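# Breakdown of the fold
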Amino acid sequence: MSALPLYPVGADVVVEERWQGILWTAVPHRVVQSTPDLLVGWVPAGTLAVYATNRGLPQAEGLTRDQRKLLALKTLTAKACEFAETPSKLSIFRPGRWSRINLGFDPHDGDFLGWYVDFQLPINPTSHGLVTKDLVLDLWINPDGTWNWKDQADYETAISQHLVDASSRLHLEREAERILDELGRGDVPFSEEFSRFRPDRTWPAPLLPASHAWGGGAWSLPSGWRAESTRR
């Protein structure tokens, strides 16, 4: 993908993750910046998103969160459940990259919490926004620039169980080197313009379209629970 589609500032777009062709997550983002090389989306705390999870299902009883996640990916046995996002986050998408960069913000005082790097397949456009596939491995970067890997053991397990293609390893190693180089130089997305971001307070939370919301037609997984804020 050589360039990103352009979206109006203030528009809502859906960032999907698909697993084995099945819709696995749907998170609405409010567009705050859109160029052919950069899409910046805002997800304030409380935004309603839908995720596949096997939490509470019989086969997942007694398993840790990480074990449950890998089991769900392997068996595709899960329910589409609605969650309220937290903390607030700013998501950075770039064409052809094997990651997205999420900047976390305290929902109460807006303080910057750090950068969370999700390694994933390069994004592609959809009629509602963007689609990718999570590759399990993550990287956490503190505001002071110190960092640590996350989910390395799960990534290796995903490869050994053929859930993730082993060829991804080289891509992710190169992507991590590129990200840490950008961090060292203070380049986008590690520049102060993003870590000091403050949203337009007149904006309501972004919304999923009916097709991708809880119970919507884009979901082939059965519906699970809803977030507390939408339960009756």
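You'll find the structure just up there.
Residues numbered from 1 in each chain as written. Predicted model: local features only at pLDDT ≥ 70, side-chain atom pairs only at ≥ 80, totals over all residues. Heavy atoms only, no water.

## Quick word on the overall build of the chain
- Tallying secondary structure elements over the chain gives four helices and twelve strands in all.
- Relative to the 2.2 N^0.38 estimate, which gives 17 Å for 232 residues, the radius of gyration of the chain is 17 Å and therefore close to what a compact globule would have.
- When the backbone C-alpha atoms are referred to their principal axes, the chain occupies close to 45 × 40 × 35 Å.
- For the chain, the residues scored as buried account for 47% of the 232 residues in total.
- At a minimum sequence separation of 6, the contacts of the chain that also span at least 24 residues come to 61%.
- Roughly 11,200 Å² of accessible area belongs to the chain as shown, and the carbon and sulfur atoms make up 52% of that amount.
- The averaged location of the 29 negative side-chain charges in the chain is 5 Å from the averaged location of its 24 positive side-chain charges. (Helix = DSSP H or I, 4+ residues; strand = E, 2+ residues; numbered from the N terminus. Rg over C-alpha atoms; globule rule 2.2 N^0.38 Å. Buried < 20%, exposed > 50% of the residue type's maximum accessible area, 1.4 Å probe, protein only. Contact = heavy atoms within 4.5 Å. Areas by Shrake-Rupley, 256 points an atom, 1.4 Å probe, with all protein chains shown as cover. Lys, Arg positive; Asp, Glu negative; His and termini not counted. Charge placed at Lys NZ, Arg CZ, Asp CG, Glu CD.)

## Observations regarding the pairing of strand β12 (residues 147–150)
- Summarising the sheet, strand β11 (residues 134–141) and β12 pair through four bridges and their orientation is antiparallel. Within β12, the position partnered with Ile141 by the bridge is Trp147.
- The turn joining β11 and β12, which pair antiparallel and follow one another in sequence, is formed by five residues; a positive phi near 95 degrees is taken by Gly145. (Pairing = 2+ DSSP bridges.)

## Let's talk about the nonpolar core
- In terms of nonpolar packing, the biggest core is built from 46 residues, with Trp24 and Leu103 touching the most fellow members.
- When sequence neighbours within four positions are dropped, the list of residues in contact with Trp24 reads Glu17, Arg18, Trp19, Val50, Tyr51, Ala52, Ala72, Leu73, Leu76, Ala78, Trp219 and Leu221.
- Counting residues in each nonpolar core, the second largest holds nine residues, with Tyr7, Val31, Phe93 and Leu130 among its members. (Core = buried A, V, L, I, M, F, W, Y, C linked by side-chain atoms within 4.5 Å.)

## Some thoughts on the layout of surface pockets
- In this structure, the largest pocket encloses a volume near 1,200 Å³.
- Lining the largest pocket are 37 residues, and of these Thr25, Tyr51, Arg65, Lys69 and Glu85 lie nearest its centre.
- Among the elements that take part in the lining of the largest pocket, helix α1 (residues 65–75) stands out by supplying five residues, more than any other.
- When its residues are assigned to classes, the lining of the largest pocket shows 15 nonpolar, seven polar and 15 charged.
- Taken as a whole, the second largest pocket spans an internal volume of roughly 290 Å³.
- Tallied by class, residues from the lining of the second largest pocket come to eleven nonpolar, three polar and six charged. (1 Å grid on protein atoms, 1.4 Å probe; cavity = no way out; pocket = protein on both sides within 12 Å on 5 of 7 lines; lining within 4 Å. Points joined across faces, edges and corners; volume = space filled by probe spheres on them. Nonpolar A, V, L, I, M, F, W, Y, C, P; charged D, E, K, R; others polar.)

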